[in-house]
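# Structural characterization, general
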Amino acid sequence: VYELCRNKIDTLLHFSLDNFQWVARSARETPNTYCESVIEYLRTIFKCLRSLDEGSKAGLHFSCCGHISERLVMLVAGKASDDNDHSQVLDDNSGLRPISKIDAYGLKNLSIDVAEFENYADGTGIPQLRECFAELKCITDALLDRELPNLLMQENENIRRRKYPFLNLEKVVNVLEKYQGTGLGGKLMGSSSRESSFLMLEKKDLAHLIKLAKSQI
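## Description of the environment of Ser196
Within the secondary structure, Ser196 is located in the loop between helix 10 (184-189) and helix 11 (203-214). Relative accessible area serves as the criterion here: at 29%, Ser196 is assigned to the partly exposed category. In this structure the C-alpha to C-alpha distance between Ser196 and Arg146, which are 50 residues apart in sequence, comes to 9.3 Å.

## Details of the nonpolar core
Counting 67 residues, the largest nonpolar core has Trp22, Tyr34, Leu42 and Phe117 as the members making the most contacts within it. Of all the secondary structure elements, the ones that give two or more residues to this core are helix 1 (2-17), helix 2 (33-48), helix 3 (54-77), helix 5 (104-123), helix 6 (134-144), helix 7 (148-151), helix 9 (169-178) and helix 11. The element that contributes the greatest number of residues to this core is helix 3, accounting for 10 residues. Residues within four places of Tyr34 in sequence aside, it is in contact with Leu13, Ser16, Leu17, Trp22, Leu72, Leu110, Asp113 and Phe117.

## Side note on helix 3
Taking 1.5 Å of rise per residue, the 24 residues of helix 3 would be expected to cover 34 Å, and the 34 Å separating its terminal C-alpha atoms lies within 8% of that figure. Where helix 3 starts, the residue carrying a side-chain oxygen 3.1 Å from the main-chain nitrogen of Gly55 turns out to be Asp53.

## Considering unusual backbone geometry
Even without glycine at this site, Arg25 takes up a positive phi of about 65°. By secondary structure assignment, the location of Arg25 is in the loop between helix 1 and helix 2. Positive phi, normally seen in glycine, also occurs at Gln128, with a value near 70°. With respect to the helices and strands, the residue Gln128 is situated in the loop between helix 5 and helix 6. You can call Gln128 exposed: its relative accessible area is 61%.

## Re the pattern of salt bridges
The final tally for this structure, using the stated rule, is 12 salt bridges. Salt-bridge contacts for Arg6 lead to Glu3; the nearest nitrogen and oxygen are separated by 3.1 Å. Linking Arg6 with Glu3, this pair stays in helix 1, spanning three residues, or about one helical turn. Residue class for Arg6 comes out partly exposed when judged on its relative accessible area of 22%.

## Considerations on the packing of aromatic side chains
Under the criterion given, the structure shown has five aromatic pairs. Where Trp22 meets Tyr34, the ring centres are 6.5 Å apart and the plane angle is 55°; that geometry is what we call tilted. Of the two residues, Trp22 is situated in the loop between helix 1 and helix 2 and Tyr34 in helix 2; the sequence distance between them amounts to 12 residues. Residues Trp22 and Tyr34 agree in their burial class; the two are buried.

## Quick look at the confidence of the model for the protein
Of the residues in the protein, 88% reach a pLDDT of 70 or more, and the chain-wide mean stands at 90. Segment residues 86-91 is flagged for pLDDT under 50; beyond a separation of four residues in sequence, or across chains, it makes seven contacts in the model.

## What to know about the side chain of Asn109
Note on placement: Asn109 falls in helix 5. Residues contacting Asn109, with those up to four places away along its chain left out, are Ala24, Ser26, Ala27, Arg28 and Asn32.

## Regarding the packing of helix 3 against helix 6
Orientation of helix 3 relative to helix 6, taken along the N-to-C sense of each, is 30°, at an axis distance of 8 Å. When the axis of helix 3 is compared with that of helix 6, the two are roughly parallel. Considering the relative orientation of helix 3 and helix 6, their crossing is left-handed. For the pair helix 3 and helix 6, the contacting residues are Ser69, Leu72, Val73 and Ala77 in the first and Glu135, Leu136 and Ile139 in the second. Looking at side-chain class alone, the contact of helix 3 with helix 6 contains five nonpolar, one polar and one charged residues.

## Here's the deal with helix 5
Between its first and last C-alpha atoms helix 5 spans 29 Å; for 20 residues at 1.5 Å apiece the expected length is 28 Å, and the two agree. Of all 20 residues making up helix 5, 14 are buried, and the element is well covered by its neighbours. Phi for Gly125, located one or two positions after helix 5, is positive at around 80°.

## A few points about the state of the cysteines
As used in these notes, a disulfide is a covalent bond between sulfur atoms, one from each of two cysteines. With the rule as written, the count across this model stands at zero disulfides. No disulfide involves Cys48; its sulfur sits 9.9 Å from that of Cys5, the nearest cysteine. Taking the relative accessible area as the measure of exposure, Cys48 reaches 59% and is therefore exposed. With no disulfide of its own, Cys65 has Cys132 as its nearest cysteine by sulfur position, at a separation of 5.3 Å.

Rules and cut-offs
Residues numbered from 1 in each chain as written. Predicted model: local features only at pLDDT ≥ 70, side-chain atom pairs only at ≥ 80, totals over all residues. Heavy atoms only, no water. Helix = DSSP H or I, 4+ residues; strand = E, 2+ residues; numbered from the N terminus. Buried < 20%, exposed > 50% of the residue type's maximum accessible area, 1.4 Å probe, protein only. Core = buried A, V, L, I, M, F, W, Y, C linked by side-chain atoms within 4.5 Å. Contact = heavy atoms within 4.5 Å. Expected span 1.5 Å × (residues − 1). Polar contact = N/O pair within 3.5 Å; in protein donor to acceptor, adjacent residues only side chain to side chain. Salt bridge = Lys/Arg side-chain N within 4 Å of Asp/Glu carboxyl O. Phe/Tyr/Trp six-rings, centres within 6.5 Å; stacked < 30°, edge-to-face > 60°. pLDDT = per-residue confidence, 0-100. Axes fitted to C-alpha atoms, helices over the stretch in contact; angles between N-to-C directions. Parallel < 35°, antiparallel > 145°, perpendicular 65-115°, else oblique. Left-handed = near helix turned anticlockwise from the far one by under 90°. Nonpolar A, V, L, I, M, F, W, Y, C, P; charged D, E, K, R; others polar. Disulfide = S-S within 2.5 Å.

See the structure below:
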């Protein structure tokens, strides 16, 4: 059952995220469609497996949620490979490969998806299930945090670790290397209070932040 569910989640993610635009250019109010599809699948499968004992049901919930989070972390924060390099696909049969581009809006929209996955986890009544998404949440929250440039300074390492305990700097570098910085047009478009509430890096900021993060790996 565990393997079947994980394979189905992989199929859903691959189908929904094939050619997905992570350079979103605008913030959504609601979760992305793939997120809603995966949650709907989980609700359906657990309705069908009502006869499972509570321990097995909890174990399957943790397995599924952990798998979703792991896949999305790999997709967003995995090292982007050359289009001709298929080793990422061969290493894992989901068919998903790390994306090569994302912008601040793509990260913001992903953070809405993470919140929706956490809401689903809380709604199951299974203690600590939301912790499956902790690393994914740390990555999105940190990269949207307007304090990130300060948090990446070596002297602020302890503050960063307290605020984002599951944050892996190698993965931060991977995201920054595929981050599509805003130009003047992007700044003007993102000038509303709602959109300026999260970090929007300019192209000139990226090299400095990548260097800062790499110096501590």
